[in-house]
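# Analysis of the macromolecular model
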Amino acid sequence: MSKLLTNDNNEFLSNLVAKCNETLLNANAAVCFATISKSKQSGETMNVDSIETSLRNGGRISRAEAETLWKNASDEQLQRLANIVRDRYHAPKTATYLLMRIINYTNICVALCDYCSFYRLPKSPDGYVRSKEWIYSKIDELLDVGGDLFGFNGGFNPELKIDYYVDLFGSIRQRYGERLEFYAMTVVELLYIARVSKISVPEALSRLKEAGVRWITGGGAEILADSFRKRHSPLKYTVAEYMDTQQKIVEAGLSTTATMVIGFDETLDERLDHLETVRNFQDATNGGLFSFLCWTYKPYNNELGGEEIGAGEYLRHLALSRIFLDNVRHIRTSVLTQNANALKGLSYGANDFDVPWEDEVTQMAGAVIERDVQRILGYAAEEGFVTNYRHVARQPSAAALHVVQ
Ligand code: SF4
């Protein structure tokens, strides 16, 4: 159970006990405590019940209601509410998955995020930029086992300008055509590449599109709250810069996604800031974000350290995301960071997931990848879900998928 929930409840109940002790004899205090606790509990139930009624009528929850749900709703209530919103888009007990490999072509980065276990500074002896042949061999290996989606992820490498990316992605599209699809870079990488190349974001997008790029991902978001970014990644752009870049991606006609990472030291307010920013953007762009994926921070081998949040907290957050982000069709659960627990997320509102093949960034921070597709699908089957492969590469038009119902 969440620390946020436990602390809030303890404080609330302690205050009630203090009030009892002021007005009643000690002998009666326990009775008072029990009575007020019970009445608070029924008040909470009523609030959650009224939110459920509103959702069943097609309503949308407010930020304050999201906070109420986080603090007061039971796991079962969150699951039920998440499924009300999920059912607006997807048939019950069905889910889709992808087999995906993240290709980390460089680990050189100057962003200095304190939660990162992956980056090396320029001139570091173990810094690298992989060759095209190395990249092709990674692609071939996944194609051979039936996967067809790749995510390219590097860092803020000052030596790699727009020409490098146009050449790399152009070569991949030329070599593999429609046999694969790829997420070329994250939103923050795009912004960095445009700046280091001294061109505008729209110009960078235009050149990438011409080379065959169709997707950018919403990576680099972590928590979209400037207070969080100042604490942990001050060089990784403000929320306004991040969202402005997302806007330009949508305007350029490329597909993009939303992501979120929880489990650092973010507050509930910062989490809600993030969800609210995503929902507002999705409204304003009439469904510009294809999907929302949330994963959890891994605290190993980096400056920030700390402890991982529990599996239950991840599932509760996933449910809250599905309920709040009622305008995002695809809510994805993270097998990469949650392993078998991620498939429980299908009962907490998620409808889609990656079966990951490799991701050096998260693996270096402590993620363990299980390259056993059938076993992972088996976890989904244990939850009662029928799963189908979602071929991003064979979908005729990514833009056509931006449908909000
Ligand atoms: S998280 Fe990404 S941007 Fe931040 S230091 Fe690591 S590689 Fe660089």
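Anyway, here's the lowdown on the structure attached to this text. Quantities reported herein were computed from a predicted structural model and do not represent experimental measurements.

## As for the overall build of the protein
On a plain count of helices and strands, the protein comes out with 16 helices and 9 strands. Looking at the protein as a whole, 41% of its 405 residues are labelled buried. Looking at the protein alone, contacts between residues at least 24 apart form 79% of all its contacts between residues at least 6 apart.

## Observations regarding the environment of Leu208
Along the chain, the position of Leu208 falls in helix α8 (residues 201-210). Remark: the alpha-carbon pair of Leu208 and Tyr165, spanning 43 residues in sequence, is separated by 7.5 Å. Discounting residues that sit within four places of it in the chain, Leu208 has contacts with Tyr165, Val166, Phe169, Ala184 and Val213.

## Describing the site of the ligand
Around the ligand, the surrounding shell consists of Cys109, Ala111, Leu112, Cys113, Cys116, Phe118, Tyr119, Gly155, Phe156, Ser233 and Lys236. Grouping the amino acids of the shell around the ligand by side-chain chemistry returns 8 nonpolar, 2 polar and 1 charged.

## Focus on helix α10 (residues 239-251)
Between its terminal C-alpha atoms α10 stretches 18 Å, which fits the 18 Å expected from 13 residues at 1.5 Å a residue. Turning to α10, its buried residues number three or more, namely Tyr242, Thr245, Gln246, Lys248, Ile249 and Val250. The inward-facing, buried residues of α10 abut α7 (187-196), α8, β4 (215-217), β5 (256-262) and α11 (268-284). In the segment just after α10, Gly253 is the residue with positive phi, at about 85 degrees.

## Quick look at the pairing of β5
Along any regular strand the residues' side chains alternate between the sheet's two faces. For β5, the tally of buried residues reaches 7 of 7 residues, placing the bulk of the element in the interior. Neither face of β5 is open: one carries Thr256, Ala258, Met260 and Ile262, the other Thr257, Thr259 and Val261, and all of them are buried. Judged from the 6 bridges that link them, β5 and strand β6 (residues 289-296) form a sheet pairing that is parallel. Pairing of Thr256 across the sheet is with Leu289, part of β6. The parallel pair β5 and β6 is bridged by α11, and the resulting crossover is right-handed.

## Re the nonpolar core
Counting residues in each nonpolar core, the largest one holds 99 residues, and the members touching the most others are Leu69, Ala184, Leu190 and Phe292. Residue contributions to this core reach at least three from each of two domains, namely domain 1 (2-59) and domain 2 (94-401). Each residue touching Leu69, except ones within four places of it in the same chain, is listed here: Val48, Ile51, Leu78, Leu320 and Ile323.

## Overview of the packing of helix α6 (residues 162-176) against α8
Helix packing geometry: the angle between the two helix axes and the distance between the axes. Between α6 and α8, the shortest axis-to-axis distance is 8 Å and the interhelical angle comes to 25 degrees. As judged from the angle between their axes, α6 and α8 are roughly parallel. Judged by the twist between their axes, the crossing of α6 over α8 is right-handed. Residues Ile162, Tyr165, Val166 and Phe169 of α6 form the contact with α8, whose participating residues are Ala204, Arg207 and Leu208. A class-by-class count of the residues in the contact of α6 with α8 yields 6 nonpolar, no polar and 1 charged.

## Some words on the packing of helix α3 (residues 63-72) against helix α12 (residues 311-324)
Look at α3 against α12: their axes get within 11 Å of each other, and the N-to-C directions meet at 155 degrees. As the angle between them shows, α3 and α12 are arranged roughly antiparallel. For the crossing formed where α3 meets α12, the hand is right-handed. Residues Ala66, Leu69 and Trp70 of α3 touch α12, and the partners they reach there are Leu320, Ile323 and Phe324. Residue composition of the contact of α3 with α12, grouped by class: 6 nonpolar, no polar and no charged.

## Description of the environment of Thr362
In this structure, Thr362 sits in helix α15 (residues 360-364). With 24 C-beta atoms packed within 10 Å, Thr362 lands in the buried category. Residues within four places of Thr362 in sequence aside, it is in contact with Lys298, Leu336, Thr337 and Ala367.

Procedures and definitions
Residues numbered from 1 in each chain as written. Predicted model: local features only at pLDDT ≥ 70, side-chain atom pairs only at ≥ 80, totals over all residues. Helix = DSSP H or I, 4+ residues; strand = E, 2+ residues; numbered from the N terminus. Buried ≥ 20, exposed ≤ 12 C-beta atoms within 10 Å, placed from the backbone. Contact = placed C-beta atoms within 7 Å. Near = placed C-beta within 6 Å. Nonpolar A, V, L, I, M, F, W, Y, C, P; charged D, E, K, R; others polar. Expected span 1.5 Å × (residues − 1). Pairing = 2+ DSSP bridges. Right-handed = clockwise from strand over helix to strand, strands pointing away. Core = buried A, V, L, I, M, F, W, Y, C linked by C-beta atoms within 7 Å. Domains from an automatic or database assignment. Axes fitted to C-alpha atoms, helices over the stretch in contact; angles between N-to-C directions. Parallel < 35°, antiparallel > 145°, perpendicular 65-115°, else oblique. Left-handed = near helix turned anticlockwise from the far one by under 90°.

Taken by themselves, the reported measurements are silent on function.
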